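Per-entry structural report
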Amino acid sequence: MSAVKAAPVDPAALASRFQSAGAKAGFRYEVFGMAGGCPLFALTKRTAGIRPRIYLSSGIHGDEPAPPLALLSLIESGDLDGRATWFLCPLLNPDGLARGTRENATGIDLNRDYRHLESPEVKAHVAWLGRQPNFDMAICVHEDWESTGFYLYELNPDKRASAANPMIAAASKACPIDMSPLIEGREAKGGIIRPHLNPLEREKWPESIYLQVHHTRLSYTIESPSALPMETRISALRAALRAAIGVAMRGRN
Ligand SMILES: [Zn+2]
């Protein structure tokens with residue numbers, strides 16, 4: 001069964017902080033499911049005119065509390081403004097957050113469930129995604145318990161303007177970068193992993209593969225090192241997200 005690693009977070013209290021910060025920043029709060037008595041929700045904000053559509057998600061692993069806090073702080077600081085149309089799913093695994101476990105209450109790693117859709121959380125999320133337009137950029141925000149530094153995955157099959165280097169440069173001002181040539185068993189360079197993959201060959205899909213197959217041609221999974229202090233991890237994630245958002249804006253001009 002799931003190992004408890006992180007201090008549990010009260011997901012209902014965090015959800016209401018997202019709801020009120022989102023309302024102040026002009027976001028629409030939309031409940032698309034329930035898990036363990038806590039809403040599964042999205043925050044969206046559409047601005048008139050042609051804007052890049054940016055999708056951000058976090059909280060799919062319940063032992064990774066910094067990513068939702070980083071997204072909340074970006075909403076509160078006004079960074080998610082009228083320059084883009086926003087699609088946020090910041091608390092995808094409330095049960096896991098409440099228990100401090102990677103998996104949900106029935107032991108499913110939600111970030112491996114996007115091919116077979118066995119969990120109610122992922123079923124509800126995929127149904128919500130099916131009602132959204134395609135995204136110009138998607139970023140899944142994570143943490144890693146084994147890593148000594150920040151790193152990221154890029155899926156960019158069409159070789160669009162890449163946010164990978166700007167994100168690493170920005171994060172490096174807040175925390176070390178994992179410079180290992182091999183991260184999570186994959187070839188890496190300067191903290192960047194560019195997996196060569198055929199989704200159909202993978203038995204279990206993380207959210208990022210589902211997004212690539214159905215919703216976007218440019219996506220990132222970014223990982224802060226869980227061993228560092230919470231404030232450092234939030235700063236690194238914030239810095240990387242702001243850098244990526246900057247690239248998405250420029251890609252539109
Ligand atoms: Zn994770």
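Residues numbered from 1 in each chain as written. Predicted model: local features only at pLDDT ≥ 70, side-chain atom pairs only at ≥ 80, totals over all residues. Heavy atoms only, no water.

Take helix α6 (residues 207-214) next. Residue pairs three or four apart in sequence face the same way in an α-helix, which turns once every 3.6 residues. Most of α6 is tucked away: six of the eight residues are buried. Residues Glu207, Ser208, Ile209, Tyr210, Leu211 and Gln212 constitute the buried set of α6. Against β3 (53-57), α4 (120-129), β5 (137-144), β6 (151-155) and β10 (219-225) lie the buried residues of α6. (Buried < 20%, exposed > 50% of the residue type's maximum accessible area, 1.4 Å probe, protein only. Helix = DSSP H or I, 4+ residues; strand = E, 2+ residues; numbered from the N terminus. Contact = heavy atoms within 4.5 Å.)

Let us look at the sheet that holds strand β9 (residues 192-193). Ordered in space as β1-β2-β4-β3-β5-β10-β6-β9, the eight strands form an open sheet in which the pairing is mixed. Strand pairing shows two members of the sheet lacking a second neighbour, β1 (28-35) and β9, which therefore form its edges. Alignment of β1 against strand β2 (residues 38-45), held across seven bridges, turns out to be antiparallel. From the neighbouring strand, Glu30 faces β2, where its bridge partner is Ala42. Sitting on the sheet, helix α1 (residues 11-24) is in contact with β1 and β2, with an inclination near 20° to β2. Packing of α4 onto the sheet brings it into contact with β1, β2, β3 and β4 (85-89), and relative to β1 it is tilted by some 150°. (Pairing = 2+ DSSP bridges. Axes fitted to C-alpha atoms, helices over the stretch in contact; angles between N-to-C directions.)

Attention now goes to the pairing of β10. With seven of its seven residues buried, β10 lies for the most part within the structure. As judged from the seven bridges shared by β5 and β10, these two strands associate in the parallel manner. If you follow Ile139 over to β10, its bridge partner there is Tyr220. Across five bridges, the pairing between β6 and β10 is antiparallel. The residue bridging Leu155 from the neighbouring strand is Ser219, located in β10.

The subject of this paragraph is helix α2 (residues 66-76). Among the 11 residues in α2, nine count as buried, and that is most of the element. In the stretch just after α2, Gly78 is the one whose phi turns positive, near 85°.

All we've got here are geometric facts, nothing functional implied.
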